[in-house]
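Summary of structural features
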Amino acid sequence: HEYLIQDFYQCMDTVSGGAFFALPNLFVLLTAPAATCYDRICMRDRSEEKTVSMTDMEAQIERFEEFAQWMETNGTRVVRVETAGKSPDVVAAEINHHVQAAYASEPATGNKPIQIGIDGAVGVGKSLAVSKLSTLFESSNLRAVCFDENVTRWKDLGLLGSMLGPQATNELVP
């Protein structure tokens, strides 16, 4: 479910005293109003997303903001990039600007890379923006690799519906 990774990450970080995972140096939270995200998922017409309501979208956006705040309180630099009314190219350029600034202020040493996380609610434009980032990174001095969301694979494995279906809630299931 959509929140499981966030909850797992937070729990493991707490249990291990911060030693289980390395928090990213930069976390980019992609944002858009719930109505924009909802309109986008309606337009792309994925069967797995048909059960997502406006209330679900609002809750998901709130949850991602809480996660970003948690990241900030644990030392990660967080930037928010609004995606509403912007093309994926413009969003990718804004993300690239923040990534370039992170590399300038925190240069990688040796084999230790700078870790960057990009996330946001369903319909916010993550997949499109990240696909555009690969091209921007290739044309810059950054040795960066983008890991696309493999939505097609998630769909084929039945995971996409599980993350977004009516059974997905904000509560952890014991």
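Worth saying up front: this structure is predicted, and the values here are computed from it rather than measured. (Residues numbered from 1 in each chain as written. Predicted model: local features only at pLDDT ≥ 70, side-chain atom pairs only at ≥ 80, totals over all residues. Heavy atoms only, no water.)

Below, the discussion takes up the overall build of the protein chain. Per the secondary structure count, the protein chain includes seven helices and three strands. Going residue by residue from the N terminus, the α and β elements of the protein chain occur as α-β-α-α-β-α-β-α-α-α. Counting only residues that meet the buried cut, the protein chain has 34% of its 174 residues in that class. Nonlocal contacts in the protein chain, meaning residues at least 24 apart in sequence, comprise 73% of its contacts between residues at least 6 apart. With an accessible surface of roughly 10000 Å², the protein chain has 56% of that area assigned to carbon and sulfur atoms. (Helix = DSSP H or I, 4+ residues; strand = E, 2+ residues; numbered from the N terminus. Buried < 20%, exposed > 50% of the residue type's maximum accessible area, 1.4 Å probe, protein only. Contact = heavy atoms within 4.5 Å. Areas by Shrake-Rupley, 256 points an atom, 1.4 Å probe, with all protein chains shown as cover.)

Here the focus is the pattern of salt bridges. Enumeration over the complete set of coordinates arrives at six salt bridges. Across the pair K50 and D45 runs a salt bridge, and its minimum N-O distance is 2.3 Å. Note that R80 and E72 form a salt bridge whose closest N and O atoms lie 3.4 Å from each other. (Salt bridge = Lys/Arg side-chain N within 4 Å of Asp/Glu carboxyl O.)

Turning to the packing of helix α2 (residues 34-44) against helix α3 (residues 54-73), a few remarks are in order. Put simply, α2 and α3 touch, their axes get as near as 9 Å, and they point 125° apart. Considered as vectors, α2 and α3 are oriented oblique to each other. Between α2 and α3 the crossing geometry is right-handed. Counted together, A34, A35, C37, Y38 and I41 of α2 and M54, M57, E58 and I61 of α3 form the full contact between these two elements. Among the residues forming the contact of α2 with α3, the class breakdown is eight nonpolar, no polar and one charged. (Axes fitted to C-alpha atoms, helices over the stretch in contact; angles between N-to-C directions. Parallel < 35°, antiparallel > 145°, perpendicular 65-115°, else oblique. Left-handed = near helix turned anticlockwise from the far one by under 90°. Nonpolar A, V, L, I, M, F, W, Y, C, P; charged D, E, K, R; others polar.)

Moving on, we get to the side chain of T83. By secondary structure assignment, the location of T83 is in the loop between β2 (77-82) and α4 (88-105). Sequence-distant contacts of T83, that is, excluding residues within four places in its chain, are made with L30, T31, A32, R40, V91 and V124.

Attention now goes to the pairing of strand β1 (residues 26-31). Counting buried positions along β1 gives five out of six residues, so the element sits mostly inside the fold. Where β1 and β2 come together, six bridges link them in parallel fashion. By the bridge assignment, L30 is partnered in β2 with V81. The sheet contact formed by β1 and strand β3 (residues 116-119) spans four bridges and is parallel. The partner of L26 across the bridge, within β3, is I116. (Pairing = 2+ DSSP bridges.)

Of note, Q60 is situated in helix α3. According to the relative accessible area criterion, Q60 is buried, its value standing at 6%. Through-space distance from the C-alpha of Q60 to that of A121 is 5.9 Å; in sequence the pair is 61 residues apart.

What follows deals with the nonpolar core. One finds F27, V28, L30, M57, M71 and I95 to be the most contacted residues of the largest nonpolar core, which totals 32 residues. Listing elements by their share of this core, those giving two or more residues are β1, α2, α3, β2, α4 and α5 (126-138). Here M57 is in contact with A34, C37, Y38, I41, V52, A121 and V122, once residues within four sequence places are set aside. (Core = buried A, V, L, I, M, F, W, Y, C linked by side-chain atoms within 4.5 Å.)

Here the focus is the environment of L136. Residue placement: L136 occurs in helix α5. Residue L136 is classed as partly exposed on the basis of its relative accessible area, which comes to 26%. Sequence-wise, L136 and A92 are 44 residues apart; in three dimensions their C-alpha atoms are separated by 7.9 Å.

Geometric descriptors of this kind do not, in isolation, establish any biological role.
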